[in-house]
Amino acid sequence: MSWFIKKRAPIKSPKDKIKIPEGLWEKCHGCNEVIYRQELNRNEMVCPKCQYHFRIPPRERLDKLFDDSKYTLLYNDIKSEDPLNFRAVKKYRDQLKGLEKRGLEEDAVWVAKGRLSGIETMVAVMDFSFLGGSMGSVVGEKITRGIEAAVEEQIPVIIFSCSGGARMMEGAISLMQMAKISAALARLSEGELPFISVLTDPTTGGVTASYAMLGDINIGEPKALIGFAGPRVIQQTIKQELPDGFQRSEFLLDHGMLDMVVERKELKAVLSRFLRYFTKEKV
Amino acid sequence: MVSMSRDPNNFEEPILELKARIEGLKAQPATPKLEREIDKLEQKLRKLQADTYASLTDWQRCLVARHPKRPYTRDYISNLFEEFDELHGDRRFADDPAIMAGFGTFRGRTLAVIGHQKGRDIKQKLHRNFGMPRPEGYRKALRVMKTAEKFGAPIVTFIDTPGAYPGIDAEERGQGEAIAFNLKEMAMLKVPVLVYVIGEGGSGGALALGVGDHICILANSIYSVISPEGCASILWKDADQMATAAEALHLTAPKLQKLGLVDSICEEPPGGAHDNPNQMFSLLGEHLAAQLAREESLSVEERIEARYQKFRVMGSFMQAG
Ligand SMILES: [Zn+2]
């Protein structure tokens, strides 16, 4: 099996994190309060009033997760093309170009390998800012390669999901990525290697109906929206008000769909413990 | 695309008018002249059907795939299987009538059969939830597949659903998990899995029965990541753009085959499966018999590897050198 590693200098970028894109204030999606941006930054982008976990860029997530913020980004030479020549109000091709111009070069998922509390781990982090974190061919291919490499190297896999689902602009090709990734996860399971799924706000559609729900451990970030059908679609179908807290992490925990809801500041410690629990003693 | 002066939703009207005329003539006392006339009209009908169906727009193809008289899973089972015994329930929560599952004999051999089931009349439609399964449907399906694996029976699935049911109860019981688990488990099944998209292949709710060794789509069936209506309302902000969306989604049999997402297309009768269900059953029966023979020649390892590779290569991307 050949797989490609584009070596990059290990990224150490505490300065990136302080960059404030715009405005000093941020409105919380959880409680609608307006919060001072610096306060959010100090609190790992978690609302100090309601504990809503803001979306964070993949780089920030990876920097925090890996030991000494050291990791290697993988498969970032794989780029989306436009297999259906898709055009709705916008052309898919133009959307892709626009995103590239904005410097979003990883498509909707970053795959990285590095050490997490000393344990070599394959990590994928989805990026909602790239077409709603939608899963198309590139997401499918990068995650599948990451899992296959993990099987080969006998290392665990962690995926941070953050996605509206399959990418419509690639039609049924994106639907089939669900089957492709799930099959790769079946092989990881067969290899008795751990897969931990972390579901962040939001995780819906085809991502929920494939890898996000297939973890040996499924962890939700607090108050994350998690579901198969989106709340709007459900409301239109059943024509009833949805119950309070419906499809939030805590709701899924109550209904037995998540193993735990873990606050961001505890996440690395929890992940590290499970990697350790699941690491087989070498006999 | 052909331009039709009529409402594009009524493309069958001229066919139905001609059929009614033929029926009318047949009701009259037979004379040699009348029989010649009927012959001529029947030829005309066949040509009209062939021409109409050869030039349907993708949206019209969706309407055929959803045609209220199109054969459903139950019809294929009762016409293709000498024996069939339905199994109920997921042993967890409930039985889901939106999916049928069971064992039977097809040309003398035992098969497991699993398929979405829509309803014919309004009572049946409600009972079957319009073919939209809840998690227990997918769990029942997997339970029966596992039983088939245990006893070495090949599995045939029939896909025909608008999608998995978007409801509060379905979400509470883990619709996403149920579909996901099927995808993962089906990838590793030791027995042959033959998939037939007989009507609507609606997104993840379809794929949850769709991970197999051979994926066959009927000529007028569709398979899509989202319904044309849903896509239109999200990407065009206008649900009336469904015909445009249908075109853009590449959801028809020939387009899917070109993209490498289905393995074969099963021909339909000239006027669509609903026009001549018996001919459809025999076309599908022949296809199934041939495909079963092919799949059974593989070893278990070869089969699982080939199934993995089939989905592994699905995707379209660029890679810098
Ligand atoms: Zn808040």
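Here is what the cut-offs are and how they apply
- Residues numbered from 1 in each chain as written.
- Chains lettered and ligands numbered in written order.
- Predicted model: local features only at pLDDT ≥ 70, side-chain atom pairs only at ≥ 80, totals over all residues.
- Helix = DSSP H or I, 4+ residues; strand = E, 2+ residues; numbered from the N terminus.
- Rg over C-alpha atoms; globule rule 2.2 N^0.38 Å.
- Buried ≥ 20, exposed ≤ 12 C-beta atoms within 10 Å, placed from the backbone.
- Contact = placed C-beta atoms within 7 Å.
- Pairing = 2+ DSSP bridges.
- Axes fitted to C-alpha atoms, helices over the stretch in contact; angles between N-to-C directions.
- Domains from an automatic or database assignment.
- Parallel < 35°, antiparallel > 145°, perpendicular 65-115°, else oblique.
- Nonpolar A, V, L, I, M, F, W, Y, C, P; charged D, E, K, R; others polar.
- Expected span 1.5 Å × (residues − 1).
- Arc of directions from axis to C-beta.

## Points about the overall build of chain B
For chain B, the count of helices and strands is 14 helices and nine strands. Its C-alpha atoms give chain B a radius of gyration of 21 Å, near enough to 20 Å, the size a compact globule of 321 residues would have. In terms of principal-axis extent, the alpha carbons of chain B reach across some 65 × 50 × 50 Å. By residue count, 48% of the 321 residues in chain B fall in the buried class. Sequence-distant contacts, at least 24 apart, represent 70% of the contacts inside chain B between residues at least 6 apart.

## Some details on the interface of chain B and chain A
Facing 45 residues of chain B, the contacting portion of chain A comprises 49 residues. Of all the secondary structure elements, the ones that give two or more residues to the side of chain B that touches chain A are α7 (168-172), α8 (175-186), α9 (203-207), β7 (222-224), α10 (228-236), α11 (242-249), α14 (300-312) and β9 (317-319) of chain B. If you tally residues by element for the side of chain B that touches chain A, the top one is α8 of chain B, at seven residues. Pairing of strand β4 (residues 78-80) of chain A with β9 of chain B, which is carried by three bridges, proceeds in the antiparallel orientation. Following the sheet pairing, I78 of chain A is matched in β9 of chain B by Q319 of chain B.

## Some remarks on the pairing of strand β5 (residues 193-202) of chain B
Residue and element names in this part refer to chain B. Buried residues dominate β5, accounting for ten of its ten residues. Across six bridges, strand β4 (residues 155-161) lies against β5 in parallel orientation. Note on β5: the bridge partner recorded for I159 is V197. Sheet topology places β5 next to strand β6 (residues 214-218); four bridges connect them, and they run parallel. From the neighbouring strand, V197 faces β6, where its bridge partner is I217. The pairing of β5 with β7 spans three bridges and is classified as parallel. From the neighbouring strand, E200 faces β7, where its bridge partner is I222.

## Comments concerning the sheet that holds strand β7 (residues 157-163) of chain A
In a beta sheet, neighbouring strands pair by backbone hydrogen bonds and run either parallel or antiparallel. All names here are of chain A. Across the sheet, seven strands lie side by side as β3-β5-β6-β7-β8-β9-β10; this open sheet has mixed pairing. Only two strands of the sheet have a single neighbouring strand rather than two, namely β3 (71-74) and β10 (260-261). One ladder, built from six bridges, connects β7 with strand β8 (residues 195-203); its direction is parallel. Bridge pairing in β8 links I159 to S197. Sitting on the sheet, helix α3 (residues 58-65) touches β3, β5 (109-116), β6 (119-126) and β7, and the angle it makes with β6 is about 165°.

## Here's the deal with the domain arrangement of chain B
The domain boundaries assigned to chain B delineate domain 1 (11-55) and domain 2 (63-312). Computed over C-alpha atoms only, the centres of domain 1 of chain B and domain 2 of chain B are separated by 34 Å.

## Topic: unusual backbone geometry
For the bond running from D201 of chain A to P202 of chain A, omega is -10°, close enough to zero to count as cis. By secondary structure assignment, the location of P202 of chain A is in strand β8.

## Here we look at the packing of helix α4 (residues 73-80) of chain B against helix α13 (residues 277-295) of chain B
Residue and element names in this part refer to chain B. One can describe the packing of α4 onto α13 by two numbers: an axis separation of 10 Å at closest approach and a directional angle of 75°. Taken together, α4 and α13 sit at an angle that is classed as roughly perpendicular. Contact residues: D75, Y76, N79 and L80 in α4; P277, F281, L284 and G285 in α13. Taken together, the residues of the contact of α4 with α13 break down into five nonpolar, two polar and one charged.

## Some thoughts on the environment of A101 of chain B
Residues and elements named next belong to chain B. Looking at where A101 falls in the secondary structure, it is placed in strand β2 (residues 99-106). Under the C-beta neighbour-count criterion, A101 is labelled buried, with 29 such atoms within 10 Å. Expressed as a C-alpha distance, the spacing of A101 and A219, which sit 118 residues apart in the sequence, is 24 Å. Contacts of A101, omitting those with residues within four sequence positions, involve L87, I114, K140, A141 and V144.

## Some remarks on the pairing of strand β9 (residues 217-220) of chain A
A regular strand places its side chains so that they alternate between the two faces of the sheet. Residue and element names in this part refer to chain A. Two elements, β8 and β9, share four bridges in a ladder whose sense is parallel. Along β9, the bridge assignment pairs V198 with I219. In this structure, β9 lies alongside β10, joined through two bridges in parallel fashion. Bridge assignment links G220 to a residue of β10, and that residue is V261.

## Quick word on the environment of G260 of chain B
All names here are of chain B. Inspection of the secondary structure assignment puts G260 in the loop between α12 (253-258) and β8 (264-266). In this structure G260 comes out as partly exposed when scored by C-beta crowding, with 14 C-beta atoms within 10 Å. With 158 residues separating them in the primary sequence, G260 and G102 have C-alpha atoms 30 Å apart.

## Here's the deal with the environment of G102 of chain B
All names here are of chain B. Counting through the fold element by element, G102 comes out in strand β2. On the basis of neighbour count, G102 is assigned to the partly exposed category, with 18 C-beta atoms found within 10 Å. Placed 42 residues apart in sequence, G102 and V144 show a C-alpha to C-alpha distance of 6.9 Å. Those residues in contact with G102 that sit more than four places away from it in its chain are F84, D85, E86, L87 and V113.

## Brief notes about α13 of chain B
Residue and element names in this part refer to chain B. Its 19 residues give α13 an end-to-end C-alpha distance of 26 Å, which sits within 8% of 27 Å, the value for a rise of 1.5 Å per residue. Taken residue by residue, α13 has M280, L284, L288 and Q291 as its buried positions. In a view along the axis of α13, the buried residues occupy a sector of 70°, so they form one face of it. Turned more than 90 degrees off the buried face of α13, the exposed positions are N278, E286, A290 and A293. Those residues of α13 that are buried lie in contact with α4, β2, β4, β5, β6 and β8.

## Some thoughts on the packing of helix α3 (residues 58-65) of chain B against α11 of chain B
Residues and elements named next belong to chain B. Two numbers describe how α3 lies on α11: the axes approach to 7 Å, and their chain directions differ by 95°. By the criterion of interaxial angle, the relationship of α3 to α11 is roughly perpendicular. Together, D58, W59 and C62 of α3 and M242, A243, A246 and E247 of α11 make up the contact between the two elements. Broken down by class, the residue content of the contact of α3 with α11 amounts to five nonpolar, no polar and two charged.

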